[in-house]
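Architecture and fold: a report
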Amino acid sequence: MSRPLQRALAGLLAALAIFGATKAAEAHKPSDAYLVLAAKGDGARGHLDVALRDLHDTLDLDRDGAGQITGAEVDEAFPRVEKYLAEHLALRGGANKCILHFSQNGIVPHSDGPYLRVEIDAACTGSVTDVDYSLFFRRDPQHHGLLDAGDGAKIFTNEVRTLPLAANMAPGFLAMVRDGIFHIWTGADHLLFLVTLLLPAVLFKGRKTADEPHEPETLRATFAGILKTVTAFTVAHSLTLAAGALGLPTPASMLVESAIAASIVLAALDNVRPLFTGRRWVVAFGLGLLHGFGFSGVLRDLGLRGPPLLKALLAFNGGVEIGQVAVLAVVVPLLFSLRRFRWYERRAVPIASLVVAMIAAVWIVERVTGRELIPG
Amino acid sequence: MEAARTSWGATGALFAAVGLVIASGFFRPPEVAADAHGDVPAASAVLLTVAPRSDPAEATRRALRERLARDPRDEEAATELAERCILQARKTRDPRWLGQAQAALGPFWSDADPSAEVLLLRATIRQSLHAFPEALADLDRATRLRADPQIELTRATVLAILGRFDEARAACTRVSERLPVVGAGCTAQIEAVTGSARPAVVRLDAVLTGAGAATEEIPWLLSLRAEANLRLGDRGAARSDLLRALAGDPLDAYSRILLQDTHIDEANEQSLAAAIALTVGHENDDAVMLRGAIAAKRAHHPQADAFARELREKQKAARERGDTVHRREEALFALHVDGDAAQALPLAEANFGVQKEPADVRLLLEAAIAAHEPLRGKPAADFARKTKLEDPVIAALLPQVPQ
């Protein structure tokens, strides 16, 4: 073969190699399944990813024997999959087995091909202490079950078929702090309430008209005033959060959620035309009590008792405050820098407040009727 | 109007900032993947291709499984199924088959007193899983039960991997008594790594030009001669033998990898392209793909990153399941793809603790030198000197390691 031809051929083959390489998603790997669990109220929730390949080897998914496993064949086989899982997977507290409910949740790709995702809902009489796992070992003793219960990976093997759970399943302190932060950041209503409180808070105190200039307050003084309001809000919601988490009776969630939305409407309208004659922090305290009930569901769902619950409460609440302070640190200086513009007090505050009031009003309707009007 | 313009800019800034704060909350899921769900496929979508029921090999395995379901102590069915699964593992390089081979042996796997046949199969599976000492223990027991060249050959292979060459040579001699051609290959394999690479080539020349070698033995003998020639620094001779071996048995992963390594050492544009080209149709083989990734990186191939990414993902999955089978590949990846000698060195050391083939010796030397800790390459250097390992690349590395 001539040298140029050889070179051209090598180039062509290399191109083919790459094409094949990027296309081949189904690399070889020993058999693994991935089990993710988290405590939830009385029991646990999570999911299991099992390789279609492994399901096929054990349950023969290829009904028509054509050598191709289709979506329909997987659907059709699911009752058998459920039965197999029920026989080879157990969550229990001591000798009390939880009742497991499995549901199909689509196909997930892993590095060695498609996996079936199965959602697991476990109803238990006490706390979950152990997981028993014996999937696929009969067909492949090299199979591993990778358990992720939030505290680093643990592995079921042919030799190790039981792993402890409950003690480690309570999320770590830092994880709870993070949850608190995210809870504040992802909860649109709390953010909106905060911003609503802040909009007029940076304005010159006692300022009646724009033609009467006053001594401008320093950023520090403004911040201190805001801090007082926010602290009142925080103390209040910590109280009800603790009460709710510790199991004291809480109002129905629909009521709480609707009342929170209503509180936002009121706070927003107050910015446009003062409704509350009392001190602002008293109002913030009252509304904070309401918001605390809203948070408490998160902790109740973890199903913790005793010291772990107190720890989680502390961490979660700390996270909520960190998230709040972070928002303040960004928003307050920004608003402070805007207050010198007349349009800020005259236009931006009322318009923004009205928009907030409208959004919150929609929430009230949604939460009372249970129907979603605006997606998100 | 100056003030008005500023004020509109500031309004924009205000809304952008508030929007950003809210958006940062909206788009960051608090619980990772807790609510993630998979794609719901169409009923007609083909999700996975498996062996069809009409496939004769699949039909045989099915029949054997049915026999075992009726009688789990049917040793003949168990060993035949295990053997077929091991063969399938070799052919497809899919480790799931090794697990299935183990399962096929069922109750015999953990018998207190397994037969020689079961011991040989168990050792073969254990060797494939890189459990070399356990494999050797099985083979030692098996030789006491039965004089069998197949057992002795497997024993010689495991002993050579462990660097116990005297015992390996003795095992090869026993193979020769019953199977002269296989025994010659076995002996040449040991000679090649113990300072007698030239006699090894001569021995293999004789076997390959004689009429004694069976067709299915020829690719194996060619790959052995290629290795002996590589020890002598003759990459050209090695390459042509490896190409012939692959022509005879395209599924011979060992020859394929060796050929890729030879191309990579050649280190010119054309040879690197050839090393990449050898991955075609073998995308499932991590070892083959690793060589492709190394060659792609050295050739500054546009897809080099894609190669590396895919391997990295597989390594992550292997680590998650607690596997250490692929230490050699992991170390090679760290050293030659990531260029991270500090990470490669402990892996290369751990690997050298398990296996001591020329590739392992070279890897530890290269990693230690690249990490500027040449002293940590000393075990490999000592081993190379003690066993009189011939190899021009290794010989060039040795002076860089303190004696």
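Residues numbered from 1 in each chain as written. Chains lettered and ligands numbered in written order. Predicted model: local features only at pLDDT ≥ 70, side-chain atom pairs only at ≥ 80, totals over all residues. Heavy atoms only, no water.

A count of helices and strands for chain B gives 21 helices and one strand. Across the 403 residues of chain B, 49% fall into the buried class. In chain B, of all internal contacts separated by at least 6 residues, the share reaching a separation of at least 24 is 52%. Summing over all exposed atoms, chain B offers an accessible surface of approximately 18500 Å²; the carbon and sulfur share of this is 56%. (Helix = DSSP H or I, 4+ residues; strand = E, 2+ residues; numbered from the N terminus. Buried < 20%, exposed > 50% of the residue type's maximum accessible area, 1.4 Å probe, protein only. Contact = heavy atoms within 4.5 Å. Areas by Shrake-Rupley, 256 points an atom, 1.4 Å probe, with all protein chains shown as cover.)

With that settled, the discussion passes to the overall build of chain A. For chain A, the count of helices and strands is eleven helices and eleven strands. Relative to its full complement of 376 residues, chain A shows a buried share of 50%. Sequence separation of at least 24 residues holds for 71% of the intrachain contacts in chain A that already meet a minimum separation of 6. Total accessible area on chain A is roughly 17600 Å²; 63% of this is exposed by carbon and sulfur atoms.

Right, let's talk about the state of the cysteines for a bit. What makes a disulfide is a covalent bond joining the sulfur atoms belonging to two cysteines. All names here are of chain A. Counted according to the given criterion, the structure contains two disulfides over all chains. Between the sulfur atoms of Cys 98 and its disulfide mate Cys 124 the distance is 2.1 Å. Taking the torsion about the sulfur-sulfur bond, which here is approximately 105°, the covalent link between Cys 98 and Cys 124 counts as right-handed. Of this pair, Cys 98 sits in the loop between strand E5 (96-97) and strand E6 (99-110) while Cys 124 sits in the loop between strand E7 (113-123) and strand E8 (130-133), placing them 26 residues apart in sequence. Both residues of the pair, Cys 98 and Cys 124, count as buried. (Disulfide = S-S within 2.5 Å.)

Residues and elements named next belong to chain A. Here we have four strands laid out as an open sheet, ordered E5-E4-E8-E11, and antiparallel in their pairing. Edge positions in the sheet fall to E5 and strand E11 (162-164), since each has one partner strand and no second. Pairing between strand E4 (residues 89-93) and E5: two bridges, direction antiparallel. Bridging across to E5, Arg 92 finds its partner in Lys 97. Sheet strands in contact with helix H3 (residues 71-88) are E4 and E8, and its direction is about 45° off that of E4. (Pairing = 2+ DSSP bridges. Axes fitted to C-alpha atoms, helices over the stretch in contact; angles between N-to-C directions.)

Sheet strands pair by backbone hydrogen bonding; their relative direction is either parallel or antiparallel. Residue and element names in this part refer to chain A. Here six strands make up an open sheet; going across it, the order is E6-E7-E2-E1-E9-E10 and the pairing mixed. The open sheet has two free edges, formed respectively by E6 and strand E10 (153-156), since each of these has just one partner strand. Looking at each pair of strands side by side, their axes are set apart by 20° on average, direction ignored. Running over the sheet, H3 touches strand E2 (43-51), E6 and E7 and is turned about 130° from E6.

For the rest of this paragraph, the subject is the pattern of salt bridges. Residues and elements named next belong to chain A. What the rule picks out here adds up to 54 salt bridges over all chains. A salt bridge links Asp 57 to Arg 53; its shortest N-O distance comes to 3.4 Å. Of this pair, Asp 57 and Arg 53 both sit in helix H2 (residues 52-59), separated by four residues, roughly a single helical turn. We note that Asp 57, like Arg 53, is buried. (Salt bridge = Lys/Arg side-chain N within 4 Å of Asp/Glu carboxyl O.)

If you look at the biggest cluster of nonpolar residues, it comprises 69 residues, and the most contacted ones within it are B:Leu290, B:Val337, B:Val361, B:Leu365 and B:Ile394. Leaving out residues up to four positions away in the same chain, B:Leu365 has contacts with B:Gly377, B:Ala380, B:Ala381, B:Ile394, B:Leu397, B:Leu398 and B:Val401. Listed in part, the 42 residues of the second largest apolar core include A:Leu55, A:Leu89, A:Cys124 and B:Val50. (Core = buried A, V, L, I, M, F, W, Y, C linked by side-chain atoms within 4.5 Å.)

To continue, consider the confidence of the model for chain B. All names here are of chain B. The predicted model of chain B averages 89 in pLDDT, with 91% of residues at 70 or higher. Across chain B, the secondary-structure element scoring lowest on mean pLDDT is helix H1 (residues 2-26), at 41, and the one scoring highest is helix H19 (residues 358-370), at 98. Low pLDDT (under 50) marks residues 1-35, which in the prediction has 31 contacts with non-local residues, meaning those over four places away or in another chain. (pLDDT = per-residue confidence, 0-100.)

Summed over all chains, the structure comprises three cavities of 30 Å³ or more. In this structure, the second largest cavity encloses a volume near 40 Å³. Considering the residues around the second largest cavity, the lining is formed by A:Asp54, A:Asp57, A:Thr58, A:Phe136, A:Arg139, A:Asp140, B:Arg96 and B:Gln100. At three residues, the largest contribution of residues to the lining of the second largest cavity is made by H2(A). The residue inventory of the lining of the second largest cavity, partitioned by class, reads one nonpolar, two polar and five charged. (1 Å grid on protein atoms, 1.4 Å probe; cavity = no way out; pocket = protein on both sides within 12 Å on 5 of 7 lines; lining within 4 Å. Points joined across faces, edges and corners; volume = space filled by probe spheres on them. Nonpolar A, V, L, I, M, F, W, Y, C, P; charged D, E, K, R; others polar.)

Glancing now at the confidence of the model for chain A. Residue and element names in this part refer to chain A. Averaged over all residues, the pLDDT of chain A equals 77, while 80% of them reach at least 70. Helix H1 (residues 3-23) is the least confidently modelled element of chain A, averaging 34 in pLDDT, while H3 averages 95, the highest of any element. Here residues 1-26 is modelled with pLDDT under 50, and outside its nearest four sequence neighbours on either side it reaches 44 contacts, counting other chains as well. Across residues 206-215, where pLDDT falls below 50, the model places eight contacts with residues more than four positions away in sequence or in other chains.

Another aspect to go through is the side chain of B:Thr187. Inspection of the secondary structure assignment puts B:Thr187 in helix H9 (residues 180-192). Those residues in contact with B:Thr187 that lie beyond four places of it in its chain are B:Cys172, B:Ser176 and B:Arg203.

Now for the packing of aromatic side chains. Any pair of aromatic rings gets described here by the distance separating the centres and the angle formed by the planes. Summed over all chains, the structure comprises six aromatic pairs over all chains. Ring geometry for A:Tyr34 and A:Tyr115: centres 5.9 Å apart, planes at 50°, overall tilted. With A:Tyr34 in strand E1 (residues 32-39) and A:Tyr115 in strand E7, this pair connects stretches of sequence that are 81 residues apart. The pair formed by A:Tyr34 and A:Tyr115 is uniform in burial state, with each residue classed as buried. Look at B:Phe352 and B:Phe383: their rings are 5.8 Å apart centre to centre, the planes differ by 85°, and that puts the pair in the edge-to-face class. Highlighted residues: B:Phe352 in helix H18 (residues 341-354) and B:Phe383 in helix H20 (residues 378-386), separated in sequence by 31 residues. With relative accessibility at 8%, the residue B:Phe383 sits in the buried group. What links up through ring pairs into an aromatic cluster is the set A:Tyr133, A:Phe137 and A:Phe156. The ring centre of B:Phe352 lies 5.0 Å from the NZ or CZ of B:Lys356, which sits over that ring. (Phe/Tyr/Trp six-rings, centres within 6.5 Å; stacked < 30°, edge-to-face > 60°. Lys NZ or Arg CZ within 6 Å of the ring centre and 35° of its normal.)

All names here are of chain B. The contact between helix H17 (residues 327-337) and H18 brings their axes to 8 Å, and the two run at 155°. It follows from the interaxial angle that H17 and H18 lie roughly antiparallel. Note that H17 runs across H18; the crossing there is left-handed. Contacts from Arg 327, Arg 328, Glu 330, Ala 331, Ala 334 and Leu 335 of H17 reach H18 at Ala 341, Gln 343, Ala 344, Leu 347, Ala 348, Ala 350, Asn 351 and Val 354. Here the contact of H17 with H18 is built from residues that sort into nine nonpolar, two polar and three charged. (Parallel < 35°, antiparallel > 145°, perpendicular 65-115°, else oblique. Left-handed = near helix turned anticlockwise from the far one by under 90°.)

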